[in-house]
Amino acid sequence: MKNTIRVECKDLEWLYVPNVMYHEYEETKRYLQLIIPYRQEWKENETYPLVIFIPGSAWYEQEMYNSIPALSRLAERGFVVAALQYRESTIARYPAQVEDVERAVLFLLSKAEAFHIDPDRIFLAGNSSGGHIALMTAMRSANGLKDVRGFAASMVKGVIAESAPADLFMCAAEPIPAFMPETFRPSRNLLGVDEITEEVELAYEASCKMYIDKDTPLPPILLLHGAEDRQVSVRQSQYLYDLLMASGKDVVYWEIEGAGHGGAVFWSDTVLDIICEFLRREGLSGE
């Protein structure tokens with residue numbers, strides 16, 4: 001028996017483009033994993049907001065492919081998504097990671113037409129150490145610190161930080177998780193020191209408090225953190241939220257009951273709804 005069906009759907013697909021190099025240093029190359037929109041016939045000037053996602057890895061080498069299925073769920077809600085690989089702390093100390101983000105932003109802006117990116121709607125996001133780097137990138141540039149020529153604070157319209165460390169002194173004071181080896185010292189490795197006290201000024205430069213005051217404008221910030229996080233204490237986001245609120249900044253904070261450090265809950269429809277509501281409120285939606 002012959003069956004026929006008529007299907008009504010939008011002529012829009014999302015394509016995964018792996019390993020797009022955005023910068024080559026003498027010692028290494030850095031890549032982006034892209035999820036971009038595709039149509040057989042494009043409408044004139046049709047563009048989508050860009051979310052640059054920085055994966056968490058305790059500032060060590062990142063696994064760039066694990067989150068692609070989850071990131072595709074965000075892309076399908078109307079966003080170009082770029083997962084960013086940055087130089088790990090074992091080959092370059094802070095603020096090299098911020099420099100990588102800035103270079104990636106400039107690279108993607110140069111390809112905006114090809115990837116159908118709206119250059120006026122660029123957003124930084126990250127989980128764990130990636131959230132920290134997203135915050136540092138936005139906050140440093142807002143305070144006039146330029147790591148890469150051509151990058152401007154106005155290029156970033158908002159930040160989403162999930163389970164992110166906000167203060168390296170708090171990180172250094174927290175006990176090592178029981179499942180980690182004694183040699184696990186990510187915040188120290190990020191600064192290239194044996195003890196935080198060796199580079200107090202640099203530790204301040206890699207912490208949020210230094211960049212928050214009532215006079216310096218910051219982009220809107222969405223904080224998400226699991227209440228039962230055993231790797232990056234929920235106190236980090238609570239502390240950052242209080243700092244931002246006291247300085248009159250635009251910040252939204254959601255604490256997820258029963259959640260630990262990362263995991264599927266951060267890609268659930270409920271959390272994605274929160275993220276998309278934040279983006280839409282800031283005029284960053286692709287709809």
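For clarity, every value in this text was computed on a predicted model and none was experimentally measured.

Engineer: For this particular structure, what's the right way to read the layout of surface pockets?
Structural biologist: Rolled over the atoms, a probe as big as a water molecule pinpoints where empty space is left. In this structure, the largest pocket spans a volume of roughly 620 Å³. Those elements that place two or more of their residues in the lining of the largest pocket are α5 (168-173) and α6 (186-191). A per-element tally of the lining of the largest pocket places α6 first, with three residues.

Engineer: Quick question: what am I supposed to make of the packing of helix α2 (residues 96-110) against helix α4 (residues 129-142) here?
Structural biologist: How two helices sit against one another is set out by the angle between their axes and by the gap between those axes. One way to put it is that α2 packs onto α4 with a least axis distance of 9 Å and a crossing angle of 75 degrees. If you check the angle between α2 and α4, you find them roughly perpendicular. Seen from α2, the contacting residues are Gln97, Val98, Val101 and Glu102; seen from α4, they are Ile133, Met136, Thr137 and Arg140. Per-class residue counts for the contact of α2 with α4 are four nonpolar, two polar and two charged.

Engineer: Any chance you could explain the environment of alanine 203 here in plain terms?
Structural biologist: Residue position: alanine 203 is located in helix α7 (residues 200-205). Under the relative-accessibility criterion, alanine 203 is labelled buried at 0%. A C-alpha to C-alpha distance of 9.3 Å links alanine 203 and tyrosine 94, two positions 109 residues apart in sequence. Ignoring anything within four residues of it in the chain, the contact list for alanine 203 reads Leu168, Phe169, Leu191 and Ile196.

Engineer: Which parts of the structure should I look at to understand the side chain of serine 163?
Structural biologist: You can see serine 163 is positioned in the loop between β6 (159-162) and α5. The exposure class assigned to serine 163 is buried, which follows from its relative accessible area of 2%. Sequence-distant contacts of serine 163, that is, excluding residues within four places in its chain, are made with Ser128, Leu224, His225, Gly226, Asp229, Val232, His261, Gly262 and Phe266.

Engineer: What exactly am I supposed to notice about empty space enclosed by the protein here?
Structural biologist: In total, this model carries one cavity of 30 Å³ or more according to the counting rule given. Each pocket or cavity is described by its volume, and for the largest cavity that value is around 60 Å³. In terms of lining residues, the largest cavity is bounded by Val51, Phe53, Leu74, Ala125, Ile160, Glu162, Trp267 and Ile275. Mapped onto the lining of the largest cavity, the elements with two or more residues apiece are β3 (48-54) and β6. A per-class count over the lining of the largest cavity returns seven nonpolar, no polar and one charged.

Engineer: How should the sheet that holds strand β1 (residues 13-24) be read in this particular structure?
Structural biologist: Strand pairing in a sheet takes place through backbone hydrogen bonds and is either antiparallel or parallel in direction. On the basis of which strands lie adjacent, the open sheet formed by eight strands has the order β1-β2-β4-β3-β5-β6-β7-β8 and mixed pairing. Only two strands of the sheet have a single neighbouring strand rather than two, namely β1 and β8 (251-256). Within this sheet the neighbouring strands show an average axis-to-axis angle of 20 degrees, counted without direction. In the sheet, β1 pairs with strand β2 (residues 29-38) via nine bridges, with the strands oriented antiparallel.

Engineer: Explain the confidence of the model for the protein chain here, please?
Structural biologist: If pLDDT is low for a region, its predicted coordinates should not be looked at in detail. When pLDDT is averaged along the protein chain, the result is 93; 95% of the residues meet or exceed 70. Every residue in residues 283-287 is under pLDDT 50, and counting partners more than four places away or in other chains gives 19 contacts.

Cut-off values and rules
- Residues numbered from 1 in each chain as written.
- Predicted model: local features only at pLDDT ≥ 70, side-chain atom pairs only at ≥ 80, totals over all residues.
- Heavy atoms only, no water.
- 1 Å grid on protein atoms, 1.4 Å probe; cavity = no way out; pocket = protein on both sides within 12 Å on 5 of 7 lines; lining within 4 Å.
- Points joined across faces, edges and corners; volume = space filled by probe spheres on them.
- Helix = DSSP H or I, 4+ residues; strand = E, 2+ residues; numbered from the N terminus.
- Axes fitted to C-alpha atoms, helices over the stretch in contact; angles between N-to-C directions.
- Parallel < 35°, antiparallel > 145°, perpendicular 65-115°, else oblique.
- Contact = heavy atoms within 4.5 Å.
- Nonpolar A, V, L, I, M, F, W, Y, C, P; charged D, E, K, R; others polar.
- Buried < 20%, exposed > 50% of the residue type's maximum accessible area, 1.4 Å probe, protein only.
- Pairing = 2+ DSSP bridges.
- pLDDT = per-residue confidence, 0-100.

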